[in-house]
Amino acid sequence: MADFVNCAALAQSAGYDGVEVMGSEGYLINEFIAARTNQRDDEWGGAYENRIRLPIEIVRRTREKVGPDFIIIYRLSMLDLVEGGSTADEVVQLAKAIEAAGATILNTGIGWHEARIPTIATSVPRAAFAWVTKRLKGEVSIPLVATNRINTPEVAEGLLAEGYCDMVSMARPLLADAAFVQKARQNRADEINTCIGCNQACLDHTFAGKITSCLVNPRACHETELVIAPAETAKKIAVVGAGPAGLAFAVTAAERGHDVTLIEAANEVGGQFNIARKIPGKEEFGETLRYFRRQLELTGVKLRLNTRAEANALADEGFDEIVLATGVSPRTPEIDGVDHPRTLSYLDVLRDEVPVGKTVAVIGAGGIGHDVSEYLVERHEPPSIDRFFRTWGVDPEYKTAGGRTAPQVEPAERQVFLMQRSTGKVGERLGRTTGWIHRAALKMHGVVTASGVSYNRIDDQGLHVTIDGAEKTLPVDHVVICAGQEPLRDLHDDLVARGCSVRLIGGADVAAELDAKRAIDQGVRLAAAI
């Protein structure tokens, strides 16, 4: 308790207006509160009044130390989402006690890190947990803050207008766009780079001991070394490919004053993001495309859609630099019968929406293999809070301690077998903080996974494999290949031969384990330097 108090006093002496006491998410204070973890038999354990003594004393002693005008926010775990968590009545009791102890504001904590229910990932519907904060309205007189998956000014305004809370807390949205508040205040919400809840560069980096950043904004926490300054010499630049890498480069280079022409063979920008946003739970990727489309307008990038770039035409136009962001093409593994009619690539399924049968084998269990599997087993409906709660077992009536209930999983749309050649756990290379969600979703829908698989052949009977030394035949309707990608850089050598200055970014540069984080980061960094 002395350390909490001392920390607040140090913050005050350093000039801060207030502190937040972390009493949720399963950290130390929360562990005292919950019967699940507090096994003490002294005055700090046992009855609820004893278990909440620690947070009350911390707030009381902190208030005593810092005086009446210093802000003390207490982050109260209002929904533990673990067995042995607090009940709804206990949360109200604690909220009142914390107010009486001297807290200025109550913030909302949702779920422990140990909870097996997503609370902040992309697949969580926006503002899904604001109802928890609303339950405390009228119970205390100090302001209440709503949190979790509130990523746009419109969502925040709606919660305030409808009386869910007195304030809204955001963290990751301010990494995605440091000018979020300024743009919202100026009615420029359409210019905000929206947090998509992917966690790949923020939480995943944090838990890996890396510098935190943001997938859609690689300048986050790198502002001093990744500087976007006006170009000393404006260049005429062509960018081929309007996927994440090409878009990031084009708008950043144009922002610096370069004359940028963005050439895209398809009839819309987005590249792989147009595929990703079709995956149930990844609809937020559409916000990134909305952001880039607006930035193309604001920065004056000349956009040519439905245009397949030709080397001779590019050379004739006299560009100072040509940036190839042409992406990737699916790799076709060497398997007997891989050209059988029942074989599809992930682009056939996700981009071209080719009809797929009721039984499917997916070859390759990386990120795309998991995405394809989720696409095949999930119903394709707009995000719904009620449906999300039923699926993951959240009790919106809060009748049980911790607010959990039995999941009600919808029948899978298909039987899917997800396989990989390598040994080890299927999906172990997925994101540190979100991989478990994808694995759990597939398990709920009965997806059968296997590693160490040898693919023998594909024929009219299905997919023939060897697993653990035993040959098997999977009588599937289709086999979907998700076995990596190859860089698409057909124009490169021709352009170089013509004396052009050519740069490669994104998948056109390195296709292995390509992800949007690397693509956008590479695009922005090249644009900052060119």
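Residues numbered from 1 in each chain as written. Predicted model: local features only at pLDDT ≥ 70, side-chain atom pairs only at ≥ 80, totals over all residues. Heavy atoms only, no water.

Caption draft 1: Summary view of the overall build of the protein chain. Helix and strand counts for the protein chain stand at 20 helices and 20 strands. In summary, the protein chain has a C-alpha radius of gyration of 26 Å against a globular reference of 24 Å for 530 residues, a match within 12%. Each principal axis of the C-alpha atoms in the protein chain carries an extent, and together these give about 75 × 65 × 40 Å. Taking all 530 residues of the protein chain together, 53% fall into the buried category. Put simply, 71% of the contacts in the protein chain that link residues at least 6 apart link residues at least 24 apart. Here the protein chain has roughly 23600 Å² of accessible surface; of this, 49% comes from carbon and sulfur atoms. Each charge sign in the protein chain was given a centre, from 58 positive and 72 negative side chains, and these centres are 1 Å apart. (Helix = DSSP H or I, 4+ residues; strand = E, 2+ residues; numbered from the N terminus. Rg over C-alpha atoms; globule rule 2.2 N^0.38 Å. Buried < 20%, exposed > 50% of the residue type's maximum accessible area, 1.4 Å probe, protein only. Contact = heavy atoms within 4.5 Å. Areas by Shrake-Rupley, 256 points an atom, 1.4 Å probe, with all protein chains shown as cover. Lys, Arg positive; Asp, Glu negative; His and termini not counted. Charge placed at Lys NZ, Arg CZ, Asp CG, Glu CD.)

Caption draft 2: Spatial organisation of the packing of helix H16 (residues 367-377) against helix H18 (residues 435-444). At a closest axis distance of 10 Å, the pairing of H16 and H18 adopts a crossing angle of 40°. In this structure, the crossing between H16 and H18 has a hand that is left-handed. Across the interface between the two elements, His370, Ser373, Glu374 and Val377 of H16 pack against His438, Arg439, Ala441 and Leu442 of H18. (Axes fitted to C-alpha atoms, helices over the stretch in contact; angles between N-to-C directions. Left-handed = near helix turned anticlockwise from the far one by under 90°.)

Caption draft 3: Spotlight on the packing of helix H1 (residues 2-13) against helix H4 (residues 53-66). In the contact formed by H1 and H4, the axes pass within 9 Å of each other and the chain directions differ by 35°. Considering how the two elements wind past one another, H1 and H4 form a crossing that is right-handed. The residues of H4 that touch H1, namely those facing Phe4, Val5, Ala8, Ala9 and Gln12, are Ile58, Arg61, Thr62, Lys65 and Val66.

Caption draft 4: Spotlight on the packing of aromatic side chains. Inspection of every chain in the model, using the stated rule, returns 8 aromatic pairs. A centroid spacing of 6.4 Å and a plane angle of 80° characterise the contact between Trp131 and Tyr398, whose relative ring orientation is edge-to-face. Of this pair, Trp131 sits in helix H6 (residues 130-134) while Tyr398 is found in the loop between helix H17 (385-392) and strand E13 (415-419), placing the two residues 267 residues apart along the sequence. The class for Tyr398 is buried, based on a relative accessible area of 6%. (Phe/Tyr/Trp six-rings, centres within 6.5 Å; stacked < 30°, edge-to-face > 60°.)

Caption draft 5: Here's a closer look at the side chain of His370. Tracing the chain through its elements places His370 in helix H16. The contacts of His370, once residues within four sequence positions are left out, are Ala365, Leu418, Val426, Gly427, Leu430, His438, Arg439 and Leu442.

Caption draft 6: Looking closely at the nonpolar core. With 55 residues, the main nonpolar core has Tyr74, Leu79, Leu106 and Phe129 as its most contacted residues. Among the elements that make up this core, the one with the highest residue count is helix H5 (residues 88-101) (8 residues). Residues contacting Leu79, with those up to four places away along its chain left out, are Gly109, Ile110, Gly111, Phe129, Trp131, Val132, Val394, Tyr398, Gly402 and Gly403. Formed by 42 residues, the second largest nonpolar core is a distinct cluster that contains Ala176, Cys214, Ala220 and Leu226. (Core = buried A, V, L, I, M, F, W, Y, C linked by side-chain atoms within 4.5 Å.)

Caption draft 7: Region of the structure containing unusual backbone geometry. A positive phi angle is found at Leu81, which is not glycine, with a value near 60°. Mapped onto the secondary structure, Leu81 falls in the loop between strand E2 (71-79) and H5. Classification of Leu81 as buried rests on a relative accessible area of 1%. Backbone geometry at Cys221 places phi at a positive 65°, although glycine is not the residue there.

Caption draft 8: The sheet that holds strand E3 (residues 105-110), seen in detail. Taken in spatial order, the 5 strands make up an open sheet running E1-E2-E3-E4-E5, and their pairing is parallel. The open sheet has two free edges, formed respectively by strand E1 (18-23) and strand E5 (167-168), since each of these has just one partner strand. Sheet topology places E1 next to E2; 6 bridges connect them, and they run parallel. Bridging from a neighbouring strand, Gly18 pairs with Ile71 of E2. Of the strands in this sheet, E2 and E3 touch H5, which is tilted by about 175° from E2. (Pairing = 2+ DSSP bridges.)

Caption draft 9: Highlighting the pairing of strand E6 (residues 236-240). For E6, the tally of buried residues reaches 4 of 5 residues, placing the bulk of the element in the interior. Bridge count for E6 against strand E7 (residues 259-263) is 5 bridges, and the pairing is parallel. Within E7, the position partnered with Val240 by the bridge is Ile263. Pairing between E6 and strand E9 (residues 321-324): 4 bridges, direction parallel. Across the sheet, Ile237 pairs through a bridge with Glu321, a residue of E9.

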